[in-house]
Amino acid sequence: MIDCNHQKLSVQFYQNPDVCEVAKCLLGKILVSNLEGIRTSGVIVETEAYSYTEKACHAYMNRNTNRTKVLFSAAGTAYVYLCYGIHKLLNVVTNAEGIAEAVLIRAVQPLDGIQIMTERRNQKKADYNLTSGPGKVCQALGIGMEHNTTSLLGNDLWIESSGTSNEEIVASPRIGVAYAKEDALLPWRFSFAQNRWVSKGNNSYQNVVRS
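None of the values given here were measured: they were computed from a predicted structure.

Chemist: How would you summarise the side chain of Ser73 if you had to cite specific residues and measurements?
Modeler: Take Ser73: it is sitting in the loop between strand 2 (38–51) and strand 3 (78–83). Of note is the side chain of Ser73, whose polar atom sits 2.4 Å from the backbone oxygen of Val70. In this view, Ser73 contacts Val93, Glu97 and Gly98; residues no more than four positions away in its chain are not counted.

Structure representation (structure tokens):
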């Protein structure tokens, strides 16, 4: 069960040097957007870890460009980028400043402002398609390119603690990173095993990491 004693995550949470540990610990936390006084949120149920040490990361081998420089910024910074020139994807920068690592928020379970989220997604109801993918999450919560480099310690976009979840966590290969060759096989995608909001893909190669 998840309690209601929510507190904004501190910078120390994001400074953890183990990006996979951060990705696992973000499960069950609550992603919140507060845009023009409208709060929308969802429980994080799926994440992916990325590190400059592996080929799937945009900053592989410390590649520092106009696009990737945010990955080298302070922990707790939002890295929002366009996928295929269409979908906005939200990542959370982790580790120490100057070390390019981040966690992609892949899926959330809708919580607050569900009606607003369905309107943003042009849906009639809050079914599986509402937030079961990283592009859907950003659209539903109103997260756009203007939020790239935003501090998650501020008041527009943040992540809250949510107590303890007893859901089983599984690890599997990340989605859509075949270009990374052998690194595409890393089990750096983490999700709640039985949660219906988890996106589809690579679900047949799961290992339980917490039960």
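Further notes follow.
Chemist: Quick rundown of the environment of Pro134? Include the residues and the values.
Modeler: Within the element layout of this structure, Pro134 appears in helix 4 (residues 134–141). Looking at Pro134, the relative accessible area reads 10%, which means it is buried. Through-space distance from the C-alpha of Pro134 to that of Glu46 is 9.2 Å; in sequence the pair is 88 residues apart. Excluding residues within four positions of it along the chain, Pro134 makes contact with Lys88, Leu89, Leu104, Ile105 and Arg106.

Chemist: Account for the nonpolar core, with residues named and values stated.
Modeler: Ranked by internal contacts, the top residues of the largest apolar core, which has 39 residues, are Leu26, Leu31, Leu90 and Ile159. The contacts of Leu90, once residues within four sequence positions are left out, are Leu31, Ala78, Tyr79, Val80, Val103, Leu104, Ile105, Cys138, Ile143 and Leu157. Counting residues in each nonpolar core, the second largest holds 17 residues, with Ala59, Val93, Leu104 and Val177 among its members.

Chemist: Describe in detail the packing of aromatic side chains, supporting the description with residues and values.
Modeler: Going through the model one piece at a time under the given rule, you end up with two aromatic pairs. The ring of Trp158 is capped by Lys8, whose NZ or CZ atom sits 4.8 Å from the centre of that ring. Stacked on the ring of Tyr128, the Lys or Arg Lys200 has its end atom at 3.8 Å from the ring centre.

Chemist: Quick one: what's the story with the pairing of strand 1 (residues 30–35), residue by residue and with numbers?
Modeler: By the criterion of burial, strand 1 is predominantly enclosed, with five of the six residues buried. Inspection of the sheet shows strand 1 paired to strand 2 by six bridges, in the antiparallel sense. Across the sheet, the residue bridging to Leu35 is Ile38, located in strand 2. What sits between the antiparallel neighbours strand 1 and strand 2 is a turn of two residues, in which Glu36 has the positive phi angle 50°. The pairing of strand 1 with strand 6 (residues 157–160) spans four bridges and is classified as antiparallel. Bridging from a neighbouring strand, Leu31 pairs with Ile159 of strand 6.

Chemist: I'd like to hear about the layout of surface pockets, residue by residue, with values.
Modeler: What the largest pocket holds in volume is close to 670 Å³. Lining the largest pocket are 35 residues, with Tyr81, Cys83, Tyr84, Leu89 and Pro134 sitting closest to its centre. Elements with a contribution of two residues or more to the lining of the largest pocket: strand 2, strand 3, strand 4 (87–93), strand 5 (101–110) and helix 4. Here the lining of the largest pocket takes five residues from helix 4, the largest share from any one element. Per-class residue counts for the lining of the largest pocket are 19 nonpolar, nine polar and seven charged.

Chemist: Got a sec to walk through the pattern of salt bridges? Specific residues and values, please.
Modeler: Scanning all chains against the criterion turns up nine salt bridges. Where Glu46 meets Arg106, a salt bridge forms, and the shortest distance between an N and an O atom there is 3.0 Å. One end of the pair, Glu46, is in strand 2; the other, Arg106, is in strand 5, with 60 residues separating them in the sequence. Note on accessibility: Glu46 and Arg106 belong to one class, buried. Note that Arg189 and Glu46 form a salt bridge whose closest N and O atoms lie 2.6 Å from each other. Placement of the pair is Arg189 in strand 8 (residues 189–192) and Glu46 in strand 2, with a sequence separation of 143 residues.

Chemist: Just give me the short version of the pairing of strand 3, but keep the residues and values in it.
Modeler: In this sheet, strand 4 lies alongside strand 3 in antiparallel orientation, the contact comprising six bridges. For Tyr79, the partnering residue across the bridge sits in strand 4 and is Asn91. The turn joining strand 3 and strand 4, which pair antiparallel and follow one another in sequence, is formed by three residues; a positive phi near 55° is taken by Tyr84.

Chemist: Quick one: what's the story with unusual backbone geometry, residue by residue and with numbers?
Modeler: The phi dihedral of Asn95 is positive, around 65°, even though this residue is not glycine. Locating Asn95 in the fold gives a position in the loop between strand 4 and strand 5. Accessibility expressed as a relative area gives 8% for Asn95, which makes it buried. In the Ramachandran plot, Lys181 falls in the positive-phi region, its phi being about 55° despite a non-glycine side chain. Note on placement: Lys181 falls in the loop between strand 7 (169–172) and strand 8. Judged by relative accessible area, Lys181 falls into the exposed class, the value being 61%.

Parameters at a glance
Within each chain, residues carry numbers counting from 1 in the order of the written sequence. Side-chain atom pairs in this predicted model are given and counted only at pLDDT of 80 or more, local residue features only at pLDDT of at least 70, and totals for whole chains, interfaces and linings cover all residues. Heavy atoms from the whole structure form the basis of all side-chain values; hydrogens and water molecules are not counted. Every helix listed is a DSSP run of H or I at least four residues long, and every strand listed is a run of E at least two residues long, numbered separately from the N terminus. Whenever two N or O atoms come within 3.5 Å, that pair is a polar contact, provided that in protein one can donate a hydrogen and the other can accept it, and provided that, for residues adjacent in sequence, both atoms are side-chain atoms. Residue contacts follow a heavy-atom distance rule, with two residues in contact if any of their heavy atoms lie within 4.5 Å. Any residue under 20% of the maximum accessible area for its type is buried, any over 50% is exposed, and the rest in between are partly exposed; the area is computed with a 1.4 Å probe on protein chains only. Residues grouped as a nonpolar core are buried Ala, Val, Leu, Ile, Met, Phe, Trp, Tyr and Cys residues, joined through side-chain atoms within 4.5 Å. In summary, the pairing rule links any two rings of Phe, Tyr or Trp, Trp by its six-membered ring, whose centres are within 6.5 Å, and it sorts them by plane angle into stacked for under 30 degrees, edge-to-face for over 60 and tilted for everything else. The criterion for a charge sitting over a ring is simple: Lys NZ or Arg CZ within 6 Å of the ring centre, and within 35 degrees of the ring normal. DSSP-based pairing: two strands are paired if at least 2 bridges between them are found. Cavity and pocket criteria rest on a 1 Å grid covering protein atoms alone: a 1.4 Å probe that fits but cannot get out defines a cavity, protein on both sides within 12 Å along at least 5 of 7 lines defines an open pocket, and an atom within 4 Å of a point defines a lining residue. Grid points are joined across faces, edges and corners, and a volume is the space filled by probe spheres set on the points. Amino acids outside the nonpolar list (Ala, Val, Leu, Ile, Met, Phe, Trp, Tyr, Cys, Pro) and the charged list (Asp, Glu, Lys, Arg) are all regarded as polar, and Gly is one of them. A side-chain nitrogen of Lys or Arg and a carboxyl oxygen of Asp or Glu constitute a salt bridge if their distance falls within 4 Å.

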